[in-house]
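# Tertiary structure, described
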There are 2 protein chains.
Amino acid sequence: MSIGIDELEDLAVGAAFLGTGGGGDPYIGRLIATKAIQDCGEPTVLDLDQVKDDDFVVTVAGYGAPTVQIEKLIGEGELEKALAKLEQHLKKKVTAIIPAEIGGSNSLVPIALASRCKLPVINADGMGRAFPELPMNVFSFNGISASPMIVTDEHCNTAIVETASDRTAEKITRAIAIELGLRVFIGCYPMTGRMVRECAIEGTLSQAIAIGRSIRQRPPGSCAIESLMHCLSTIYPDRESRVLFTGKIVDVQRDTADGFSKGSFRIEAFGSGQSAELIFQNEFLRVCVEDKLVAVVPDLICVVDEETASPITTGALRYGQRVKVIGIEAPPQLCSEQALTYVGPECFGMDFPYKSIATLEAEAADKAPKSATAV
Amino acid sequence: MSIGIDELEDLAVGAAFLGTGGGGDPYIGRLIATKAIQDCGEPTVLDLDQVKDDDFVVTVAGYGAPTVQIEKLIGEGELEKALAKLEQHLKKKVTAIIPAEIGGSNSLVPIALASRCKLPVINADGMGRAFPELPMNVFSFNGISASPMIVTDEHCNTAIVETASDRTAEKITRAIAIELGLRVFIGCYPMTGRMVRECAIEGTLSQAIAIGRSIRQRPPGSCAIESLMHCLSTIYPDRESRVLFTGKIVDVQRDTADGFSKGSFRIEAFGSGQSAELIFQNEFLRVCVEDKLVAVVPDLICVVDEETASPITTGALRYGQRVKVIGIEAPPQLCSEQALTYVGPECFGMDFPYKSIATLEAEAADKAPKSATAV
């Protein structure tokens, strides 16, 4: 598998979809990756089984609030300088890059860096989606430390952070990001190839490309949503995926607060009068339909244009958009007891445990009155 | 000159006085320095003219809000580990330590570190007093960069910060300090001995010891305040120093906000009914008597016990204390046009320019009605 300029558009769309509303603006990410590949060529892509035990891998990502990231772009050489500084501190050369998350710009930034530094990029990531906080990934779940990590901005202000816990690293990094204008880059989770093979979520770059392609290049005559849903059931055969709601956005509340883009919005169905409410913190966290929970983190909640199936990031939500909300069961690595202490509903201030979209659907069907289910 | 356990008590008292209310709790600082000297012996003290061109010097200091520093103490080995980590990053061995400021614990911490690391400590500092923010010192005024700097807490969480400007370093360090509980240590301003000789404020450790001695060991029969004022006129022959107000504290407002200990308090004179209001941000910033300005930063504003002349830090202010407010003209290095852009009244949100206590007194005398001045 290779990622060239032709694949970048599919990847940008697919990654924005898997970014569940966050992960940074895909347009910006694509510009950066395109320029890098034009300047320095396509990076090699390694599947997980091609990663060697003694490879030395770091994750890189944009970090902050997506609402800011579209206004405060990446400086020339910023990523390479950050990597070089981290290598200098670690006294070790990085041999491969892995995306921290799959999300709009955050799957494209590692490709740009890999291209510019002539390093391979690994077809995997730490989340299988995007999440708003640093330790919300399989590396932290598995005891791999985020630090020593580097935080850098476009003026090359940098901090090399070393902490005993990744939650402290998140607190410090968030505080630094706020001071530097909520758009910084981080390089973190220095680890061996073996560690990556043991815990990364596999194949997510190629899955994102497949998803993007199903949206952009649907078979003639088919509708975009059908093409997308077919793709999802093919690439995630063991994970439920389905349309949770369809309607028009009638209300959006959005705030850049505490270093995040936080808010909620409401969708009204056409005709039935039903409405759905979604909340987000950089990423979509929860969907309720008529006050009934139908999906919650870590399950993926994706909002797409009703017609074109183009993913809509939290920053692009607008009154009047006609959208579909799609739910996908989370990868199993995000659903373990340990993982849910990092990414379960409680981690986002909700006071109920995680249930998958399939479980929630089954419970709803059980509770529905017989006459209603017969209709 | 040497600093042994005998000198520490005088130094703690004198430094707390010059700390103008801040600089950290002198008691804590003295405990740390005493233990270090007991364990590792007295550090050598270098006068500025003994510092060699190619010495490699850093400043060290406690940083945060003094109100917190008395509850969150220094961990075993914390200072040495921080210094070692900074040296490792700089790839250079430090050959001498200089206090960032003269203030309660912040003149004693460098002595503790110097003792433990067998390094000399320089009889000078960057402020000639204490100030609440990082770049408020002669090194910044003279273009010496605070970074690369290290920030560390008692759990050895660390950040090595490198910024283009010291003001950005302050913002990042403040944000990190807030996340880590507002009591961290910093090592910063790596510089050559020549740079230190060119801009440091000379002799401040020995001045602090002299001030402390004048308060603690006053000649028999003399009053403590007299002894102190005599000492001040001796060590600062070219700088005005005088008692600005005497009275009882009748109101204290104090808040730990934005990473500082901020507040104000009021003193009522005995008999005359006059009252003075002081404001502080870690350190005392301004004195008004009956709404008339009588002293403002960077002039030193020191509050002492009326009877014993013991300095009172902002954290120790209490209703009912009988105090004297003493003003001392700032060292000339803090009064240049360039320096005032870092430490003048405007830097603390006041909308008037700096005037020295001598100037303010002369202006008040000019404006006073003839009959009043005749009294």
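It should be emphasised that the depicted structure is a prediction, and the values quoted were computed from it without experimental measurement.

Turning next to the overall build of chain A. Each helix and strand in chain A was counted, giving 13 helices and 16 strands. Scaling as 2.2 N^0.38, a compact globule of 375 residues should have a C-alpha radius of gyration of about 21 Å, and chain A matches this with 20 Å. Projecting the C-alpha coordinates of chain A onto the three principal axes gives extents of approximately 70 × 45 × 35 Å. A burial count over chain A gives 60% of its 375 residues as buried. Here the analysis covers contacts within chain A between residues at least 6 apart in sequence; of these, 74% occur between residues at least 24 apart. A total accessible area of about 14,400 Å² is found for chain A, and carbon and sulfur atoms account for 49% of it.

All names here are of chain B. Taking burial as the measure, the nine residues of helix α5 (residues 109-117) include seven buried ones, the bulk of the element. Among the residues making up α5, those that are buried are Val-109, Pro-110, Ile-111, Ala-112, Leu-113, Ala-114 and Ser-115. Positive backbone phi, at 55 degrees, marks Lys-118, one or two positions downstream of α5.

Time to look at the relation of the copies chain B and chain A. Of the transformation placing chain B onto chain A, the axial shift is 0.0 Å and the rotation is 179 degrees, giving an RMSD of 0.0 Å. Those values place the two copies in the arrangement expected of a two-fold rotation axis.

Another aspect to go through is the environment of Val-294 of chain B. All names here are of chain B. Turning to its location among the elements, Val-294 is positioned in strand β14 (residues 292-296). Overall, the relative accessible area of 17% leaves Val-294 in the buried class. Expressed as a C-alpha distance, the spacing of Val-294 and Lys-355, which sit 61 residues apart in the sequence, is 9.1 Å. Excluding anything up to four places from it in sequence, Val-294 contacts Leu-244, Val-287, Cys-288, Val-289, Ile-357 and Leu-360.

In many reports, interface size means the accessible area that the parts give up when they come together. Counting residues at the interface gives 20 residues for chain B and 20 residues for chain A. Counting each side, the surface lost to burial between chain B and chain A is near 1,700 Å², with a carbon and sulfur contribution of 54%. Summed over the shared surface of chain B and chain A, the result is two salt bridges. One salt bridge connects Lys-85 of chain B with Glu-162 of chain A, and the closest N-O pair in it is separated by 3.4 Å. Along the contact surface separating chain B from chain A lie nine residue pairs in polar contact (both at pLDDT 80 or more). Sorting elements by how many residues they give to the side of chain B that touches chain A places helix α7 (residues 166-179) of chain B first, with six residues. Of the residues contributing to the side of chain B that touches chain A, the split by class is nine nonpolar, six polar and five charged.

A few words on the pattern of salt bridges. Taken as a whole, this structure holds 39 salt bridges over all chains when the rule is applied. The residue Arg-194 of chain A makes a salt bridge to Asp-53 of chain A at a minimum N-O spacing of 3.9 Å. With Arg-194 of chain A in helix α8 (residues 193-199) and Asp-53 of chain A in the loop between β1 (45-46) and β2 (56-64), the pair connects residues that are 141 residues apart, well separated along the chain. Close ionic contact of Asp-258 of chain B with Lys-262 of chain B constitutes a salt bridge, the shortest N to O distance being 3.2 Å. Classification of Asp-258 of chain B by relative accessible area gives exposed; the value is 55%. Each of Glu-9, Asp-10, Arg-30, Arg-213 and Arg-216 of chain A takes part in a single network of salt bridges with overlapping partners.

We now examine the sheet that holds strand β14 (residues 292-296) of chain A. All names here are of chain A. Read across the open sheet, the seven strands follow the order β14-β13-β12-β11-β10-β16-β15; overall the sheet is antiparallel. If you trace the sheet from one side to the other, it starts and ends with β14 and β15 (300-305), each paired once. Neighbour-to-neighbour, the strand axes of the sheet open up by a mean angle of 35 degrees, direction not taken into account. Strand direction decides the pairing type here: strand β12 (residues 275-281) and strand β13 (residues 283-289), joined by six bridges, are antiparallel. If you follow Glu-277 over to β13, its bridge partner there is Cys-288. On top of the sheet, helix α10 (residues 224-235) reaches β10 (241-257), β15 and β16 (322-328); it is set at about 100 degrees to β10, its chief contact.

Let us look at the pairing of β13 of chain A. When you tally the buried positions in β13 of chain A, you get seven out of seven residues, the bulk of the element. The hairpin turn running from β12 of chain A into β13 of chain A, its antiparallel successor, is one residue long, and Asn-282 of chain A in that turn takes a positive phi close to 60 degrees.

The peptide bond linking Ser-147 of chain A to Pro-148 of chain A adopts the cis configuration, its omega dihedral lying at 0 degrees. Mapping Pro-148 of chain A onto the fold places it in the loop between α6 (138-141) and β6 (149-152). Following Val-297 of chain B, the chain continues into Pro-298 of chain B via a peptide bond in cis, with omega recorded as 5 degrees. Here Pro-298 of chain B lies in the loop between β14 and β15 (300-305). For Asn-282 of chain A, which is not a glycine, the phi torsion comes out positive at approximately 60 degrees. Judged by its relative accessible area of 4%, Asn-282 of chain A is buried. Backbone geometry places Cys-156 of chain B, a non-glycine residue, at a positive phi of 65 degrees. Structurally, the position occupied by Cys-156 of chain B is in the loop between β6 (149-152) and β7 (158-162). Taking the relative accessible area as the measure of exposure, Cys-156 of chain B reaches 28% and is therefore partly exposed.

What follows deals with the UniProt feature "domain: S-Me-THD-like C-terminal" (unreviewed entry) in chain A. When the UniProt feature table is mapped to this numbering, "domain: S-Me-THD-like C-terminal" (unreviewed entry) covers residues 165-357 of chain A. For residues 165-357 of chain A, helix accounts for 28% and strand for 36%, while the C-alpha atoms at its two ends are 32 Å apart.

Attention shifts here to the nonpolar core. Core analysis: the largest hydrophobic core is formed by 107 residues, its most contacted members being Phe-17 of chain A together with Phe-17 of chain B. Those residues within four positions of Phe-17 of chain A in sequence are excluded, and the remaining contacts are Ile-211, Leu-228, Leu-232, Cys-302, Val-304, Pro-311, Ile-326 and Ile-328 of chain A. Formed by 102 residues, the second largest nonpolar core is a distinct cluster that contains Met-127 and Leu-285 of chain A together with Leu-46 and Cys-188 of chain B.

A few words now on the sheet that holds strand β13 (residues 283-289) of chain B. All names here are of chain B. Ordered in space as β14-β13-β12-β11-β10-β16-β15, the seven strands form an open sheet in which the pairing is antiparallel. Two strands close off the open sheet at either side, each with one partner strand: β14 and β15. For this sheet, the mean angle separating the axes of adjacent strands, direction not counted, is 35 degrees. With seven bridges joining them, strand β10 (residues 241-257) and strand β16 (residues 322-328) adopt antiparallel strand pairing. Its bridge partner lying in β16, Lys-248 is registered against Arg-322.

Conventions adopted
Residues numbered from 1 in each chain as written. Chains lettered and ligands numbered in written order. Predicted model: local features only at pLDDT ≥ 70, side-chain atom pairs only at ≥ 80, totals over all residues. Heavy atoms only, no water. Helix = DSSP H or I, 4+ residues; strand = E, 2+ residues; numbered from the N terminus. Rg over C-alpha atoms; globule rule 2.2 N^0.38 Å. Buried < 20%, exposed > 50% of the residue type's maximum accessible area, 1.4 Å probe, protein only. Contact = heavy atoms within 4.5 Å. Areas by Shrake-Rupley, 256 points an atom, 1.4 Å probe, with all protein chains shown as cover. Least-squares fit on C-alpha atoms with pLDDT ≥ 70 in both. Buried area = accessible area lost by both parts, 1.4 Å probe. Salt bridge = Lys/Arg side-chain N within 4 Å of Asp/Glu carboxyl O. Polar contact = N/O pair within 3.5 Å; in protein donor to acceptor, adjacent residues only side chain to side chain. Nonpolar A, V, L, I, M, F, W, Y, C, P; charged D, E, K, R; others polar. Pairing = 2+ DSSP bridges. Axes fitted to C-alpha atoms, helices over the stretch in contact; angles between N-to-C directions. UniProt positions renumbered as here; feature names shortened; annotations may be inferred. Core = buried A, V, L, I, M, F, W, Y, C linked by side-chain atoms within 4.5 Å.

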